[in-house]
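For reference, the chains in residue letters:
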Amino acid sequence: MAKTQNHIGARMYEHDGTTGRFPLSGLHLFGVVLILMISEWLCFSSIAVAAESGKLVEKNGEYVFVESMDPATRLLLERAVKQGTITQDEYNRVIQESEQRAYLMQPSFKAWYDRGFNLSMNDNAFLLKIRGFLQMRFTQRYRNDGWRTGDSKNFPELLGVFGDYRANRSIDEASTFNIRRARLMFMGHLFTPDLKYFVQLAGETAENAQNPGSVQLLDAAVHSTHLPLFNVMAGQYKVFFNRSEINNATSMQFAERALVMDAFTASGLNRRDIGITVMNDEEVYPVNYYFGIFNGLGPGFNRFGTFESEQPTLGCPGGQTGGGPPNCPATQRNLNANFRNSINQLMYSARLNFNLMGRAGYGEGDMAYSETPQLAIGGGYAYNPGINVQTDNAFVGIDLANLNVRRQLAQFGNARQLGWGTLDYSTYGFDGVFKYKGFSLQGEWYWKNIDRHGKSAPCVQTNAAGTVCTTVAPGLLGNATGWYVQSGYFLIPRKLQAAARYAWWDPDTNAAGDLIKQVDFALSYYISGTYDHQVQIQYTNIFMGMGGFALGRSAPLPNLPTVAINSSGTVPLDANAKNLIENAIRIQYSIFF
Amino acid sequence: MGEPIRRLMVYVLVILITGIGCARMPYTTKTVHEDFRVAVAVQKEIAPAKYTHPVQLTADQVAAILRNFSLREEQRLPLRWFAEEVPPKPVFREEELVWVSPYLVEALQKAGPEERAHFQLFAPGMNRADTRNVTAGWVAVREPYLYLTIEYFHTEIPTRHSDPYYPNNPEMPPLPKTYLLFFEPGRFLVTDEKGARAVQFQDFLKTQVSPLNP
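Residues numbered from 1 in each chain as written. Chains lettered and ligands numbered in written order. Predicted model: local features only at pLDDT ≥ 70, side-chain atom pairs only at ≥ 80, totals over all residues. Heavy atoms only, no water.

Things to note about the packing of aromatic side chains
Moving on, step 1. In this structure the tally under the stated criterion is 25 aromatic pairs over all chains.
Moving on, step 2. For the pair Tyr 526 of chain A and Tyr 531 of chain A, a centre-to-centre distance of 6.2 Å together with 85° between the ring planes defines the contact as edge-to-face.
Moving on, step 3. Looking at Tyr 531 of chain A, the relative accessible area reads 7%, which means it is buried.
Moving on, step 4. Through a chain of ring-to-ring contacts, the aromatic side chains of Phe 133, Phe 198 and Phe 592 of chain A together with Tyr 166 of chain B assemble into a single cluster.
Moving on, step 5. When the ring centre of Phe 592 of chain A is taken as reference, the NZ or CZ atom of Arg 131 of chain A above it lies at 3.7 Å.
Moving on, step 6. Across from the ring centre of Tyr 27 of chain B, 4.0 Å away, lies the NZ or CZ of Lys 437 of chain A, which sits over that ring. (Phe/Tyr/Trp six-rings, centres within 6.5 Å; stacked < 30°, edge-to-face > 60°. Buried < 20%, exposed > 50% of the residue type's maximum accessible area, 1.4 Å probe, protein only. Lys NZ or Arg CZ within 6 Å of the ring centre and 35° of its normal.)

Digging into the confidence of the model for chain A
Residue and element names in this part refer to chain A.
Moving on, step 1. Averaged over chain A, the pLDDT score is 83; the fraction of residues at 70 or greater is 81%.
Moving on, step 2. Predicted confidence is poor over residues 1-24, with pLDDT under 50, and the contacts of this stretch with residues over four places away or in other chains come to 26 contacts.
Moving on, step 3. Here residues 39-52 is modelled with pLDDT under 50, and outside its nearest four sequence neighbours on either side it reaches 20 contacts, counting other chains as well. (pLDDT = per-residue confidence, 0-100. Contact = heavy atoms within 4.5 Å.)

Let's talk about the nonpolar core
Moving on, step 1. Of all hydrophobic cores here, the largest spans 40 residues; its most connected members are Leu 66, Phe 69, Leu 104, Phe 119, Leu 148 and Ile 150 of chain B.
Moving on, step 2. Broken down by element, this core gets its largest block of residues, six residues, from helix 4 (residues 94-110) of chain B.
Moving on, step 3. Look past the residues within four positions of Leu 148 of chain B in its chain and what remains in contact with it is Leu 66, Phe 69, Phe 92, Phe 119, Trp 138, Val 139 and Leu 181 of chain B.
Moving on, step 4. Judged by nonpolar contacts, the second largest core, of 21 residues, contains Ile 387, Ala 415, Trp 420 and Leu 423 of chain A. (Core = buried A, V, L, I, M, F, W, Y, C linked by side-chain atoms within 4.5 Å. Helix = DSSP H or I, 4+ residues; strand = E, 2+ residues; numbered from the N terminus.)

Here we look at the side chain of Asp 431 of chain A
All names here are of chain A.
Moving on, step 1. Locating Asp 431 in the fold gives a position in strand 18 (residues 422-436).
Moving on, step 2. Residue Asp 431 is classed as buried on the basis of its relative accessible area of 5%.
Moving on, step 3. If we ignore the near neighbours within four places in the chain, the residues touching Asp 431 are Asn 242, Arg 243, Arg 351, Ala 376, Ile 377, Gly 378, Gly 379, Gly 443 and Glu 444.

Quick notes on the side chain of Thr 530 of chain A
Moving on, step 1. Position of Thr 530 of chain A among the secondary structure elements: in the loop between strand 24 (516-526) and strand 25 (533-544).
Moving on, step 2. In terms of polar contacts, Thr 530 of chain A uses its side chain to reach the side chain of Ser 528 of chain A, at 3.1 Å.
Moving on, step 3. Ignoring any residue separated from it by four or fewer positions in sequence, one finds Thr 530 of chain A in contact with Met 367 and Arg 494 of chain A together with Met 172, Pro 173 and Pro 174 of chain B. (Polar contact = N/O pair within 3.5 Å; in protein donor to acceptor, adjacent residues only side chain to side chain.)

Here we look at the environment of Thr 427 of chain A
Residue and element names in this part refer to chain A.
Moving on, step 1. Note that Thr 427 resides in strand 18.
Moving on, step 2. A residue is classified by how much of its surface remains accessible, and Thr 427, at 0% relative accessible area, is buried.
Moving on, step 3. Remark: the alpha-carbon pair of Thr 427 and Ala 382, spanning 45 residues in sequence, is separated by 5.2 Å.
Moving on, step 4. Leaving out residues up to four positions away in the same chain, Thr 427 has contacts with Phe 241, Phe 264, Thr 265, Ala 266, Gly 380, Tyr 381, Ala 382, Trp 447 and Lys 448.

Describing the environment of Gln 411 of chain A
Residues and elements named next belong to chain A.
Moving on, step 1. Relative to the helices and strands, Gln 411 is located in helix 8 (residues 403-411).
Moving on, step 2. It is 9.2 Å that separates the C-alpha atoms of Gln 411 and Ala 263, two residues lying 148 residues apart in sequence.
Moving on, step 3. Residue contacts for Gln 411: discarding those within four places in its chain leaves Phe 155, Ala 206 and Asn 208.

Some details on the sheet that holds strand 2 (residues 38-44) of chain B
Residues and elements named next belong to chain B.
Moving on, step 1. In space, the seven strands of this open sheet follow the order 1-2-5-6-7-10-9, with antiparallel pairing throughout. Every other strand in the sheet has two partners, leaving strand 1 (27-34) and strand 9 (189-191) as the edge strands with one partner each. Each neighbouring strand pair of the sheet contributes to a mean axis angle of 30°, computed without reference to strand direction. (Pairing = 2+ DSSP bridges. Axes fitted to C-alpha atoms, helices over the stretch in contact; angles between N-to-C directions.)

Structural notes on the pattern of salt bridges
If the charged atoms of two oppositely charged side chains come close together, the side chains can form a pair.
Moving on, step 1. Tallied over the entire structure, the rule returns 27 salt bridges over all chains.
Moving on, step 2. Of the charged contacts, one joins Asp 532 of chain A and Arg 131 of chain A as a salt bridge, the two residues approaching to 3.5 Å between their closest N and O atoms. One end of the pair, Asp 532 of chain A, is in the loop between strand 24 and strand 25; the other, Arg 131 of chain A, is in strand 5 (residues 126-143), with 401 residues separating them in the sequence.
Moving on, step 3. Take Asp 532 of chain A: its relative accessible area is 18%, and that puts it in the buried class.
Moving on, step 4. One salt-bridge network, in which partners are shared between bridges, spans Asp 114 and Arg 115 of chain A together with Asp 130 and Glu 171 of chain B. (Salt bridge = Lys/Arg side-chain N within 4 Å of Asp/Glu carboxyl O.)

Structural data, given as structure tokens:
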């Protein structure tokens, strides 16, 4: 290769010689510069070709460097040059042609295993990486007697086509196996390493799922990293809003997130959404920004899927089985129109992250055993308007507001918001993380401002004719707030981590006796010294206050015989509710391959 | 919160605090050199090492010693009983010795008795946008022995902290593997008083013909 460069150097010399035969003028000078630039380009092009003198190839699971030219041929050629049988120029030409031939003859793709199966074109213009993630779990729970009357407020079940409220009740002890996560990922880049794609399928069931798992599209996104200051991600993915929302399940200190982490997402419904985000490269800049616009209704969904029920008379809520709301005709059909009044709305999310020391990243725990302190603080704001969580008329519990939205609220513990009409969510989150030599400390504080479109207390009972409201809800829905702090330490660097967490959550700031407190301890053993292969055991204690008013589940309920008694009855679901306590031990095996 | 829970929390806290200070890994104290091909640093040992640093060696001497090392990855049990033994491979290529030796000399001169000279050799990875091919390890001298340990041998190591394809997923290098090291001529590879394998490098260097005085 060195000889090839000498040959190139000789060509450069010829150019220089050419310039010396002409008197210098401005035009000539320009010509010289142009020729020099072209020759420079030619030189580098040639060097690039000559640099392909060999490559790393995988053989028996290891990478070995293989010269593209047969060593015996090269030896003979070198001897031929020394003996004067061939000239240096002939030698250089043959070497270059041989390398060119070897380059053209080799397969145009390569396949290998490195954190997933990789298939790539040799010019790196295309990469497909296929990965799988499996999480198997055994959970042993011990619950107090309060669970016999159950939870109808935070995590109720919504069943049937009408999505009626069902209290979640159980006996004291439960033993369950669960495929908590079963993921298949397709990722890579197209045309250039700066145009990336990511598709993730899930075929799992949550611990409290009511249906067997089916394959679902979790992520489908394209990510442009052409401009480090202005990366763009579009599609369906996790919203860059707060630390626990961004972090992946593959790199958690605990087997499961705290309940409060699930409740305070950007949309208030789900961690994932469909939209577009601009951000900078977090590995390049110490201050990172993320600004995104989304549908705001969770994965695989948009606002055409949500609606308010309406009678033939405009402005009159539908859904009741007889009678009518105040100021509306009493004898109209109950299942009539789906009025889409929020299809012009979008969710907006913004986040700033300051890497004050090092690059703490989003993975939990100091797996990297940071040699220097890593400190980052951040904050996010999300505005998600026009979420219809069930029309607030006097016929709570039987309205046909979109079931997907309502079920997402119930699944993540925000069911106290159900029934309060159309809501605008303004959510704030502030977080911080510190990592140093195996020690980690992480915390977040959340606040969700819930702005109801209907400002007055909703009507829960009308007169017999259904034309005048006689009883309204005893209180108004408040805001929500919560926080958590968690810490971990690697007792054996990169192998064994102990972690503890405390989480606190007030789902309705206007209600009393509704706090949710959670304590977790976890011990994680990382089999391969990375997050990819681990066994975790986690102990969790959850206290869930059942106080406060929940529309449609607390007294007073609509009790007009002709209207709603058949659906909601007169005895509220929380009639005998007691505070709930659960102690659970989770043993989990995870492999990310 | 019940009394048993409080008690459990206290126990865990005590265990955590006790654990702090027990777990350690060697850490970098000085960076000697770093470019796209090679990085050399001085690392602090976590256990008393009592090396005889600083050491005065030339780049040629270091290259001559390292050139004669070869290795084979140690298989885990029970594979070790059945796996076919592959012949050892040279640890370094000639150009790698040219790149790394001068900086190792410098590192061995700057290192203290409780420090070692750590090196990394880089080559483009299978996916240049994500990984690089790394050979890494460390060298230390406790007269009359020279110790070489290889942590990675042509191993794919991520170049970023987070996965460029799976958003915000942390990327970790694999754990170092155990390699069986060989040295030619084998008579200079001995076991020291603590049971570690090392090269009697001064004796070996005496057998080498100086390039200045062939």
